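Topology and contacts: notes
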Amino acid sequence: MTNVLIATCGRSSSLKMTLESLEKCVVDKTSFRLIIVENGPYSGVDRLIEELHLSIPVMYLYCKKSNKSHALNPALVKIRQGLVVFVDDDVRFDDSYLAAFWG
């Protein structure tokens, strides 16, 4: 299992483009999950995730404190096994990005 972990704070439009590019990656989407931690002021990232209808399994978490490192900690506690890939909320994925993790 590969866990793609993204912390985001008030950047919904950038996050949307990141998630859309991730969705296009050519991989077995059942072999990884996406964990998104919204931190700081609530900006509706959970609604954005629902609207995108991603085929990727997604876990959404909210952390009131606006601090990326602080926000990542609760997500790491949820991960029981597998690789963790930390990604910023403004990344645009190449189609083969996730496939590279399986060689």
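Cut-off values and rules
- Residues numbered from 1 in each chain as written.
- Predicted model: local features only at pLDDT ≥ 70, side-chain atom pairs only at ≥ 80, totals over all residues.
- Heavy atoms only, no water.
- Pairing = 2+ DSSP bridges.
- Helix = DSSP H or I, 4+ residues; strand = E, 2+ residues; numbered from the N terminus.
- Axes fitted to C-alpha atoms, helices over the stretch in contact; angles between N-to-C directions.
- Buried < 20%, exposed > 50% of the residue type's maximum accessible area, 1.4 Å probe, protein only.
- Arc of directions from axis to C-beta.
- Contact = heavy atoms within 4.5 Å.
- Polar contact = N/O pair within 3.5 Å; in protein donor to acceptor, adjacent residues only side chain to side chain.
- Disulfide = S-S within 2.5 Å.
- Core = buried A, V, L, I, M, F, W, Y, C linked by side-chain atoms within 4.5 Å.
- Salt bridge = Lys/Arg side-chain N within 4 Å of Asp/Glu carboxyl O.

Further remarks concern the sheet that holds strand β4 (residues 83-87). With parallel pairing, four strands are arranged side by side in an open sheet as β3-β2-β1-β4. Either end of the sheet is taken by a strand with one partner, and the two such strands are β3 (58-63) and β4. Going across the sheet, the axis of each strand differs from the next one's by a mean of 20 degrees, ignoring polarity.

This paragraph deals with helix α3 (residues 68-78). Burial in α3 covers these residues: A71, L72 and A75. Taken around the axis of α3, the buried residues stretch over an arc of 95 degrees, which confines them to a single face. Of the residues in α3, the exposed ones pointing more than 90 degrees away from the buried face are S69 and V77. Its buried side turned inward, α3 meets β1 (2-8), β2 (32-39), β3 and β4. Between the side-chain oxygen of the N-cap and the backbone nitrogen of S69 there are 3.2 Å, and the N-cap of α3 in question is N67.

So, about the state of the cysteines. A full pass over the atoms with the stated rule returns zero disulfides. A disulfide-free cysteine, C63 has its sulfur positioned 9.8 Å from the sulfur of C9, the nearest such atom. Given a relative accessible area of 9%, C63 falls into the buried group.

The next subject is the nonpolar core. Residues L19 and L34 are the most contacted members of the largest nonpolar core, which totals 20 residues. Those elements giving two or more residues to this core turn out to be β1, α1 (12-23), β2, α2 (45-52) and β4. In terms of residues, this core owes the most to one element, α2, which gives four residues. The residues contacting L34, other than those within four sequence positions of it, are V4, I6, L19, L22, L54, I56, P57, V58 and M59.

As a further point, take unusual backbone geometry. For residues other than glycine, phi is negative in most cases, and the peptide bonds are mostly trans. In this model, H53 sits at a positive phi of 50 degrees, which is unusual for a non-glycine residue. Of note, H53 is situated in the loop between α2 and β3.

What follows covers the pattern of salt bridges. Taken as a whole and judged by the stated rule, the model has four salt bridges. Of the charged contacts in the structure, one is a salt bridge between E20 and K16, with a shortest N-O distance of 4.0 Å. Note that E20 and K16 are positioned in helix α1 at a spacing of four residues, about one turn of the helix. Owing to a relative accessible area of 34%, E20 belongs among the partly exposed residues under this scheme. Look at K16 and you get partly exposed, because its relative accessible area is 35%. With a closest N to O distance of 2.5 Å, D88 and K68 form a salt bridge. Taken together, the positions of D88 in the segment after β4 and K68 in helix α3 put the pair 20 residues apart, joining distant regions of the chain. For D88, a relative accessible area of 37% corresponds to the partly exposed category. We classify K68 as partly exposed; its relative accessible area is 43%.

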